[in-house]
Amino acid sequence: MRHVLVLGGTTEGRALAAALAELPSLRVTSSLAGRVAEPRLPAGEVRIGGFGGPDGLAAWLRTERVAAVVDATHPFAAGMSRNAALAAAATDVPLLVLRRPGWATVDGDRWHRVPSLAAAAELLPALGRRVFLTTGRQGIGTFAHLDGLHFLARSVDPPEPPLPTALEVLLDRGPFTLDGERALLRGHRIDVLVTKDSGGAATAPKLTAARELGLPVVVVERPPLPAGVPAAPDVPTATHWLQQLP
Ligand code: NAP
């Protein structure tokens, strides 16, 4: 049996693990960072926690005799993606990045694309006063100094300081519905939305709701993929890539 490591923590990571678990020729281990207190567990074997940088991951690949790695981490987990590229190169283990496409604007969108969370924070005061922040709990500190603004932040687990003074936290995890997002934006009188360009259907309804209400959206652009690593946009393409390996 060929051992495949799936670097997960995403919907696609779980879907890939489920698809690969059906293939009798493969042994699948999914790896999670351990950031979420109660993660949704993928099918197959699961390990939780960091590897100890690229060298630790390379050692793990050798010890566990891994035949291929699929980096199905979140588009913004750039550190893990860089480590995977370095470890795969050091061990000669084939690596594929499974990355869902980013979101695209449609007519009526009022998007402001920015290169980082810091750039989003800089732009915000010019766009609104009541902010719906959906960038995940780890990034909330970037907005902590914006005293004039009121924040509604949604995250899976509670955020930790530093935090903005006027902050309401909504603990929830997707998928979210259009009706729910509409009600939330109206109910909290939100006048600007901040999001990463995560892509995918589970969290896209907020963009439709913002468009309907004519709200500006600050969209943080994705970090680049590691150079030279092949990428697949979906689970069937990633499964096919694995099956084609010599
Ligand atoms: P990151 O900044 O790129 O990674 C930081 C460190 O966390 C890595 O160097 C690695 O530690 C460890 N790590 C990350 N992903 C791992 C995995 N799948 N398995 C084992 N160790 C992992 O990562 P992050 O942005 O904090 O994301 C952490 C996890 O949450 C990922 O699994 C990602 O898919 C998921 N996630 C992230 C976001 C986001 O917006 N960033 C959103 C949803 C889900 P070592 O160096 O010790 O190996």
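Right, let's walk through the structure included here. Along each chain, the written sequence defines residue order, and numbers are assigned to residues from 1. Reporting in this predicted model follows two pLDDT cut-offs: at least 70 for local features of residues, and 80 or more for side-chain atom pairs to be given and counted; totals over whole chains, interfaces and linings ignore these cut-offs and use all residues. Think of the side-chain values as coming from all heavy atoms in the structure, minus any hydrogens and water.

1. Quick word on the pattern of salt bridges
We define a salt bridge as a contact between a side-chain nitrogen of Lys or Arg and a carboxyl oxygen of Asp or Glu at a distance within 4 Å. This structure, assessed with the given rule, holds 10 salt bridges. Here Glu160 ties to Arg137 by a salt bridge, and the two come within 3.8 Å at their closest N and O atoms. Of this pair, Glu160 sits in the loop between β8 (150-155) and β9 (167-171) while Arg137 is found in the loop between β7 (130-133) and β8, placing the two residues 23 residues apart along the sequence. Among the residues examined, Glu160 registers a relative accessible area of 54% and is labelled exposed. Within this structure, Arg27, Glu45 and Glu64 form a network of salt bridges that share partners. Where helices and strands are cited, they refer to DSSP runs of H or I of at least four residues and of E of at least two residues respectively, numbered from the N terminus. With a 1.4 Å probe rolled over the protein chains alone, any residue whose accessible area is under 20% of its type maximum counts as buried; one over 50% counts as exposed, and the rest are partly exposed.

2. So, the sheet that holds strand β11 (residues 216-220)
Reading across from one edge, β6-β11-β10-β7-β8-β9 is the order of the six strands in this open sheet, with parallel pairing throughout. A strand with exactly one partner marks an edge of an open sheet, and here the two such strands are β6 (110-114) and β9. Averaged over all adjacent pairs, the angle separating strand axes in this sheet is 20°, with direction ignored. Paired strands, as defined in this entry, are two strands with at least two bridges between them according to DSSP. Judged from the five bridges that link them, β8 and β9 form a sheet pairing that is parallel. Within the sheet, the bridge partner assigned to Arg154 lies in β9 and is Leu170. Between two residues, a contact is recorded if the distance between any of their heavy atoms is within 4.5 Å. In this analysis, axes come from line fits to C-alpha atoms, helices being fitted only over the stretch in contact, and the angle between any two N-to-C directions falls in the range 0 to 180 degrees. Those strands touched by helix α6 (residues 205-212) are β6, β8, β10 (192-196) and β11, and its axis lies near 155° from that of β10.

3. With respect to the pairing of strand β2 (residues 26-32)
Regular strands show a simple pattern: their side chains alternate between the two faces of the sheet. Within β2, six of the seven residues are buried, which leaves the element mostly enclosed by the surrounding structure. With respect to chirality, the unit in which strand β1 (residues 2-7) leads through helix α1 (residues 11-21) into the neighbouring parallel β2 is right-handed. We call a crossover right-handed when, viewed with the strands running away from us, the connection from the first strand over the helix to the second turns clockwise.

4. Some thoughts on the sheet that holds β2
Reading across from one edge, β3-β2-β1-β4-β5-β12 is the order of the six strands in this open sheet, with parallel pairing throughout. The sheet is open, and its two edges are formed by β3 (45-48) and β12 (231-232), each paired on a single side. Bridge count for β1 against β2 is six bridges, and the pairing is parallel. Of the residues in β2, the one forming a bridge with Val6 is Ser30. Contacts from helix α3 (residues 78-91) reach β1, β4 (66-71) and β5 (95-98) within the one sheet, and its direction differs from that of β5 by about 160°.

5. Describing the site of the ligand
To be near a molecule or strand, a residue needs just one of its heavy atoms within 4 Å of it. Taken together, 23 residues form the shell around the ligand, and within it Gly8, Ser31, Phe51, Met80 and Lys196 come nearest. The backbone of Gly79 places a nitrogen or oxygen atom 2.9 Å from an oxygen atom of the ligand. Exposure was quantified through the Shrake-Rupley algorithm and a 1.4 Å probe, taking into account, for residues, occlusion by the shown protein chains and nothing else. About the coverage of the ligand: the protein hides 76% of its 810 Å² of free accessible area. Those elements giving two or more residues to the shell around the ligand turn out to be β2 and α3. The greatest single-element share of the shell around the ligand, amounting to four residues, is contributed by α3. Residue composition of the shell around the ligand, grouped by class: seven nonpolar, 13 polar and three charged. Two N or O atoms count as a polar contact when they lie within 3.5 Å, although within protein this holds only if one can serve as hydrogen donor and the other as acceptor, and sequence-adjacent residues are included solely when both atoms are side-chain atoms. For this classification, Asp, Glu, Lys and Arg are treated as charged, while Ala, Val, Leu, Ile, Met, Phe, Trp, Tyr, Cys and Pro are nonpolar and the rest, including Gly, are polar.

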